[in-house]
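One-letter residues, chain by chain:
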Amino acid sequence: MEDMIKVVKFGGSSLASAGQFSKVGKIIRAEESRRYVIPSAPGKRNAKDTKVTDMLYQCYALAEAEESFTIALRKIRERYDSIINGLHLKLSLNKEFEEIAENFKNKAGADYAASRGEYLNGIIMANYLGYEFIDAAEVIRFDINGEFDAEKTNEILAARLQSCERAVIPGFYGAKEDGKVITFSRGGSDITGSIVAKAVQADIYENWTDVSGFLIADPRIIENPRGIKVITYRELRELSYMGATVLHEDAVFPVRKAGIPINIRNTNAPEEEGTLIVESTCRMPDYTITGIAGKKGFVAVNIDKDMMNSEVGFGRKVLEAFEKYGISFEHLPSGIDTMTVFVHQEEFEGKEQQVLSAIHRLAQPDSIELESDIALIAVVGRGMRSTRGTAGRIFSALAHANVNVKMIDQGSSELNIIIGVKSCDFETAIRAIYDIFVETQIIIK
Ligand code: ASP
């Protein structure tokens, strides 16, 4: 389409070397519509490599301790020079590195230091593409408390980009009104891409990384799992909460509100469609379920009390005991005389005795029992609402695999079913569920 606008963000591994840069160049040049480019800092070239962002934090720590950081900064410079030379660009970063060294000496802050990774990569990218370079410090605004200012940013960005046909805007950082650089949390270039997509009212936000989107299940558990073609924002939230991470959590908000889909694509396999993340869709998932994710390390706190059901305020008193010690709960299934609170083992362990005595004090239960090493598995899918027997398929698959189910929780939205199993059954359970829906696709009549 002629006047389509795409915002394209490239992650660190997509820009780790000159070779990766040229793949990115090909992708951008393949479509006129790829007009606004958001680069990350150079990432790892291999498993043992260090990300430039980490090198910058380390280098700045030396500067802050008033130790020599010359060698550390030179190593960072080498990463960029090898990209510049590999691409045969006539570009020197002399001036920039002098300025960075000076600012490090003057202790410009760790955020400033880390932001240089994207800043320098942006300069190279703009030069390589022949696009205008726009420093994110000028267009991404943080307020005086250091919080991202969405409204102000949108105003500045929209005005600035209206007169700019094509630009490179580095990811991950912005600045306060006084010019002080602030970064988002790690992985935050995803957020910048989303902000820019919103400001230019893009048709699509393409997020290019080193995987072809989301997979139905964790590839460390399922060999070669199938990919997810289309996923809704709500499904994604359920899955990423349970451990599937490809995209920064906060990257969803700007585009979601603006109704702009995100397409996760693979720089190393651009022919693949990747995953499309949308607000809503009538395209049903291929296998009833959209994805399976899970986490180990939960404790079930089982609280018993006769006639609990008719005692007004019992639940509140129990939860107050957890709140008092700063412990959040995950799930809260209950029976007539029992209530179970699922919490993170790591958070709970150190405070368990205090919490238990607080429950006794506040709620006077008959007994409390703890069960540790529980894993929670979320089976997520918008297709479950319109399909009968999904829960039946899950539980018969688990029974066949000899997995004992400790807890079941289905949200009323019918978007997910959460299952608690012993941690040692975690992998078996995921394989059994994946098998029944994806591999064998057996439907229980
Ligand atoms: N370079 C930053 C990081 O390593 C931000 C990003 O890549 O999105 O976290």
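For the structure itself, consult the block above.
Conventions used here
Residues numbered from 1 in each chain as written. Predicted model: local features only at pLDDT ≥ 70, side-chain atom pairs only at ≥ 80, totals over all residues. Heavy atoms only, no water. Pairing = 2+ DSSP bridges. Helix = DSSP H or I, 4+ residues; strand = E, 2+ residues; numbered from the N terminus. Axes fitted to C-alpha atoms, helices over the stretch in contact; angles between N-to-C directions. Contact = heavy atoms within 4.5 Å. Parallel < 35°, antiparallel > 145°, perpendicular 65-115°, else oblique. Patch = residues over 30% accessible without salt bridge, like charges linked within 9 Å, V, L, I, M, F, W, Y side chains within 5 Å. Areas by Shrake-Rupley, 256 points an atom, 1.4 Å probe, with all protein chains shown as cover. Salt bridge = Lys/Arg side-chain N within 4 Å of Asp/Glu carboxyl O. Lys, Arg positive; Asp, Glu negative; His and termini not counted. Charge placed at Lys NZ, Arg CZ, Asp CG, Glu CD. Near = heavy atom within 4 Å. Polar contact = N/O pair within 3.5 Å; in protein donor to acceptor, adjacent residues only side chain to side chain. Core = buried A, V, L, I, M, F, W, Y, C linked by side-chain atoms within 4.5 Å. Buried < 20%, exposed > 50% of the residue type's maximum accessible area, 1.4 Å probe, protein only.

### Topic: the sheet that holds strand 17 (residues 416–422)
- Taken together, six strands build an open sheet; the order of strands is 13-14-12-15-17-16 and the sheet is antiparallel. The sheet terminates laterally at strand 13 (329–331) and strand 16 (407–410), the two strands that pair on one side only. Across this sheet, the average inter-strand angle for adjacent strands is 40°, counted without regard to direction.
- The pairing of strand 13 with strand 14 (residues 338–344) spans two bridges and is classified as antiparallel. Looking at strand 14, one finds that histidine 331 is bridged to phenylalanine 342.
- The sheet contacts of helix 9 (residues 233–241) involve strand 12 (291–304), strand 13, strand 15 (367–380) and strand 17, and relative to strand 12 the element is tilted by about 65°.
- Sheet strands touched by helix 13 (residues 352–363): strand 12 and strand 15. Its angle to strand 15, the strand with the most contacts, is close to 110°.

### Side note on the packing of helix 4 (residues 94–105) against helix 5 (residues 110–129)
- At a minimum axis separation of 12 Å, helix 4 and helix 5 run at an interaxial angle of 175°. On the basis of the axis angle, helix 4 is roughly antiparallel to helix 5. On the side of helix 4, the interface is formed by Glu96, Phe97, Glu99, Ile100, Asn103 and Phe104, while helix 5 contributes Tyr112, Ala113, Arg116, Tyr119, Leu120 and Ile123.

### Digging into a negative patch on the surface
- Judged by side-chain charge, Glu346, Glu347, Glu349 and Asp373 come together as a negatively charged surface patch.
- The element best represented in the negative patch is helix 12 (residues 345–349), accounting for three residues.
- Mapped onto the fold, glutamate 347 is located in helix 12.

### Some words on the site of the ligand
- Near the ligand the following residues occur: Ser40, Lys51, Thr53, Glu118, Phe172, Arg186, Gly187, Gly188 and Ser189.
- Lysine 51 is positioned with one of its side-chain polar atoms (N or O) 3.2 Å from an oxygen atom of the ligand.
- The separation between an oxygen atom of the ligand and a polar main-chain atom of glycine 187 is 2.8 Å.
- For the ligand, whose unbound accessible area comes to 260 Å², protein coverage reaches 94%.

### Structural notes on the nonpolar core
- Grouped together as the largest cluster of nonpolar side chains are 121 residues, with contacts concentrated most on Phe104 and Leu161.
- Sort the elements by how many residues they give to this core and helix 5 lands first, with ten residues.
- Judged by nonpolar contacts, the second largest core, of 19 residues, contains Val299, Met339, Val343 and Val355.

### What to know about the environment of tyrosine 131
- Mapped onto the elements of the fold, tyrosine 131 is located in the loop between helix 5 and strand 3 (132–133).
- Residue classification places tyrosine 131 among the buried residues on the basis of a relative accessible area of 12%.
- Considered as a pair, tyrosine 131 and arginine 166 are 35 residues apart in the sequence and their alpha carbons are 5.6 Å apart.
- Among residues more than four places away in sequence, those in contact with tyrosine 131 are Ile28, Arg34, Arg35, Val37, Ala126, Arg166, Ala167 and Val168.
- A polar contact is formed between the side chain of tyrosine 131 and the backbone oxygen of arginine 34, at a distance of 3.0 Å.

### Remarks on the pattern of salt bridges
- All chains considered together, the criterion is met by 27 salt bridges.
- Residue aspartate 49 is joined to arginine 45 by a salt bridge in which the shortest nitrogen-to-oxygen separation is 2.6 Å.
- Between glutamate 235 and arginine 382 there is a salt bridge, with the nearest N and O atoms lying 2.7 Å from each other. Taken together, the residues glutamate 235 in helix 9 and arginine 382 in the loop between strand 15 and helix 14 (390–400) connect sequence positions 147 residues apart. Note on accessibility: glutamate 235 and arginine 382 belong to one class, buried.
- Several salt bridges converge on common partners, so that one network encompasses Lys6, Glu31, Arg34, Glu206 and Arg265.

In short, the description is geometric, and any link to function would need to be established separately.
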